[in-house]
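Structural description and commentary
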Amino acid sequence: MVNNSSTIFSFHHPNSTIQQLNNKLTMNTFDNKNIQIIDFLASHHYQPTAKKGANWWYLSPLHDEETASFKVDINKNVWYDFGLGKGGGVKTLIELLFHPNNFQDYLRNLTIANTVQQIQETKTANIAFTNIETEELNHYALYKYVVQRGITWKVAKRYCKEVHYRSHGRNYFALGFPNRSGGYEIRNAFFKGCISPKDISVISQGNEVCHVFEGFIDFLSYVVLHGDCDAVVLNSVINVPKCIEILDKYNRIYCHLDNDEAGRNATLQLKANCRSQTIDASDEYAGDKDLNEYLCKRKVETVNTRQHYSSKR
């Protein structure tokens, strides 16, 4: 099944030497042996229409079609498109999808670095979950996890659920944060993943200002620090293109993304694509990886200060 927002690409010669160099450097970061084609396809919302042994069939990401003609051999990690009469490994597929002529448009919505990150996340997200049930937060283990992350139990209960699920024959539970498509980002002290479908999360309070976060722990951290707000939680920087239409309804946008390359690139994407005034708010936690790390350090400093003054009495 193909996402309705999938882009159909045309293929022409590159427009600039810079694009050629960027593309060449990018291709060197991919390894046919280490990156599975099915993970790459899943990271771009392509799911198999049929599985016949080692052969998985997809609607082609390279052209429009109603009958699946794109086959992936998961054992050999190669693909073949019967509609085009072409095939190869993951590197060849990426080169066809993101030809240098289309590379600039591609970068406006999604950097290759984010694609690599999403592939890694997809491997976790593709774990099979069954017997999924949600309820109000109650388990003491999740209370301990939430408090260790600097989040108050009151804030966690307002926005999260306790999710119980079964995987590989065992029962588990985790803190669950819902997205707009019915999926959940799930966290506990030992696991980080998601229950599909993966999508952005939207919190609307009717304000004229919206705040953008990379993950829901950062969103909860902001609520602890500053109070409730309108927010978009990306749940992965690869989801930046999905939130543009929503953000354009606001007068002003504040970006609270991670202080790393992926976070900075995502902030640049938002500034380039959103019509609203877009502000990088990462100065608040400069020197820390993200807003939650800043919150946790601030909590520790507060406790230490209280203990210091208590000892002097």
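In this report, we go over the structure that sits alongside the text. (Residues numbered from 1 in each chain as written. Predicted model: local features only at pLDDT ≥ 70, side-chain atom pairs only at ≥ 80, totals over all residues. Heavy atoms only, no water.)

1. Concerning the packing of aromatic side chains
If you walk through the whole model with that rule in mind, you get 14 aromatic pairs. A ring pair is formed by phenylalanine 213 and phenylalanine 219, whose centres lie 5.7 Å apart and whose planes are at 65°; its orientation type is edge-to-face. Phenylalanine 219 matches phenylalanine 213 in its accessibility class, with the two residues each being buried. Each residue in the set Tyr159, Phe177, Phe213, Phe216, Phe219 and Tyr222 is aromatic and connected to the rest through ring pairs, giving one cluster. Above the plane of the ring of tryptophan 56 lies lysine 51, whose end atom (NZ or CZ) is 4.1 Å from the centre. (Phe/Tyr/Trp six-rings, centres within 6.5 Å; stacked < 30°, edge-to-face > 60°. Buried < 20%, exposed > 50% of the residue type's maximum accessible area, 1.4 Å probe, protein only. Lys NZ or Arg CZ within 6 Å of the ring centre and 35° of its normal.)

2. Some remarks on the sheet that holds strand β3 (residues 70–73)
Spatially, the 5 strands line up as an open sheet ordered β1-β2-β3-β4-β5, and their pairing is antiparallel. Every interior strand has two partners, whereas the edge strands, β1 (50–52) and β5 (86–88), have only one. On average, adjacent strands in this sheet sit at an angle of 15° to one another, irrespective of strand direction. (Pairing = 2+ DSSP bridges. Helix = DSSP H or I, 4+ residues; strand = E, 2+ residues; numbered from the N terminus. Axes fitted to C-alpha atoms, helices over the stretch in contact; angles between N-to-C directions.)

3. Considerations on a nonpolar patch on the surface
There is a patch of nonpolar side chains on the surface, built from Tyr140, Tyr143 and Val147 and spanning about 310 Å² of accessible area. You can see tyrosine 140 is positioned in helix α6 (residues 140–148). (Patch = residues over 30% accessible without salt bridge, like charges linked within 9 Å, V, L, I, M, F, W, Y side chains within 5 Å. Areas by Shrake-Rupley, 256 points an atom, 1.4 Å probe, with all protein chains shown as cover. Salt bridge = Lys/Arg side-chain N within 4 Å of Asp/Glu carboxyl O.)

4. Some remarks on the packing of helix α9 (residues 240–247) against helix α10 (residues 261–273)
Put simply, α9 and α10 touch, their axes get as near as 10 Å, and they point 40° apart. Judged by the angle between their axes, α9 and α10 are oblique. Seen from above, α9 lies across α10 with right-handed handedness. Contact residues: α9 offers Val240, Cys243, Ile244 and Leu247, while α10 offers Ala266, Gln269, Leu270 and Asn273. In terms of residue class, the contact of α9 with α10 is made up of 6 nonpolar, 2 polar and no charged. (Parallel < 35°, antiparallel > 145°, perpendicular 65-115°, else oblique. Left-handed = near helix turned anticlockwise from the far one by under 90°. Contact = heavy atoms within 4.5 Å. Nonpolar A, V, L, I, M, F, W, Y, C, P; charged D, E, K, R; others polar.)

5. With respect to the sheet that holds strand β7 (residues 161–167)
Sheet strands associate in pairs through backbone hydrogen bonding, adopting either a parallel or an antiparallel arrangement. Taking strand neighbours across the sheet as the criterion, the 5 strands line up as β6-β7-β8-β9-β10 in an open arrangement whose pairing is antiparallel. Looking along the sheet, the strands with just one partner apiece sit at the ends: β6 (130–135) and β10 (192–195). Here the strands of the sheet are splayed against their neighbours by 35° on average, with no regard to which way each runs. Pairing analysis gives 7 bridges linking β7 to strand β8 (residues 170–178), with the strands arranged antiparallel. Each bridged residue has a counterpart across the sheet, and for arginine 166 the counterpart in β8 is asparagine 171. Sheet strands in contact with α6 are β7, β8 and β9 (184–187), and its direction is about 45° off that of β8. Across the sheet, helix α8 (residues 216–226) lies against β8 and β9, angled at about 55° from β8, the strand it touches most.

In short, the description is geometric, and any link to function would need to be established separately.
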